[in-house]
Amino acid sequence: MKADLIRQLRGDEGERACVYQDHLGFWTIGVGRLVDGRKPGAGLRPEEISFLLNNDIDDRIDALTRRLPWFQNLDDARKGVLLNMAFQLGIDGLLGFANTLRLVMEGKYENAASAMLESKWAQQTPQRAKRLSDQMRTGIWQFA
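Residues numbered from 1 in each chain as written. Predicted model: local features only at pLDDT ≥ 70, side-chain atom pairs only at ≥ 80, totals over all residues. Heavy atoms only, no water.

A. Quick peek at the layout of surface pockets. In this structure, the largest pocket spans a volume of roughly 240 Å³. Lining the largest pocket are 15 residues, with Gly80, Leu83, Asn84, Phe87 and Trp141 positioned closest to its centre. Tallying contributions element by element places helix α3 (residues 76-95) first for the lining of the largest pocket, with 5 residues. Of the residues in the lining of the largest pocket, the class split is 9 nonpolar, 4 polar and 2 charged. (1 Å grid on protein atoms, 1.4 Å probe; cavity = no way out; pocket = protein on both sides within 12 Å on 5 of 7 lines; lining within 4 Å. Points joined across faces, edges and corners; volume = space filled by probe spheres on them. Helix = DSSP H or I, 4+ residues; strand = E, 2+ residues; numbered from the N terminus. Nonpolar A, V, L, I, M, F, W, Y, C, P; charged D, E, K, R; others polar.)

If you want it as structure tokens, here you go:
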């Protein structure tokens, strides 16, 4: 029954990976999933948010492992810095920090932390940049 219903709903609702407005103007995603905050009951459940977040983190770990082979040799807190930056800036945005990444690869964490703070990114998100630079410098997780 469920397989037939899924087939039917995909045919009737369509399936979209990106948010779109339905025929009534409400924001929707996937197969008719209402995410418009103007409608009661719309949005994602906490377990769905966690599922998406974990998938996004895994995707970035895979990408950084491919693009920066030395990434796997870092301690968890410093891996976390690069993953956090990749989450905010995208992989290509993070890779634009060539000098910082070279310093991290060389284990010059103090210098890498300073280089992080000399960026446009640090000007745009100063609290996050300061926290992550401290984490890079010390190897100790920092939380907002």
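B. Focus on the packing of α3 against helix α7 (residues 126-138). Here α3 crosses α7 at 155 degrees, and the two axes come no closer than 8 Å. Classified by the angle their axes make, α3 and α7 are roughly antiparallel. As for the relative orientation of α3 and α7, their crossing is left-handed in sense. Contacts from Ala77, Arg78, Gly80, Val81, Leu82, Asn84, Met85 and Gln88 in α3 reach Arg128, Leu132, Gln135, Met136, Arg137 and Thr138 in α7. (Axes fitted to C-alpha atoms, helices over the stretch in contact; angles between N-to-C directions. Parallel < 35°, antiparallel > 145°, perpendicular 65-115°, else oblique. Left-handed = near helix turned anticlockwise from the far one by under 90°. Contact = heavy atoms within 4.5 Å.)

C. Quick look at the nonpolar core. With 26 residues, the main nonpolar core has Leu64, Leu82, Met85 and Met136 as its most contacted residues. Of all the secondary structure elements, the ones that give two or more residues to this core are α2 (46-67), α3, α4 (98-105), α5 (109-117), α6 (120-124) and α7. At 7 residues, the largest contribution of residues to this core is made by α3. (Core = buried A, V, L, I, M, F, W, Y, C linked by side-chain atoms within 4.5 Å. Buried < 20%, exposed > 50% of the residue type's maximum accessible area, 1.4 Å probe, protein only.)

D. Structural context of the packing of aromatic side chains. Counted according to the given criterion, the structure contains 2 aromatic pairs. Residues Trp141 and Phe143 carry aromatic rings whose centres are separated by 6.3 Å and whose planes lie at 15 degrees to one another, so their mutual orientation is stacked. Trp141 gets classed as partly exposed once you look at its relative accessible area, which sits at 42%. With a relative accessible area of 69%, Phe143 lands in the exposed category. Directly above the ring of Tyr109 sits Arg78, whose terminal nitrogen or CZ lies 3.7 Å from the centroid. (Phe/Tyr/Trp six-rings, centres within 6.5 Å; stacked < 30°, edge-to-face > 60°. Lys NZ or Arg CZ within 6 Å of the ring centre and 35° of its normal.)

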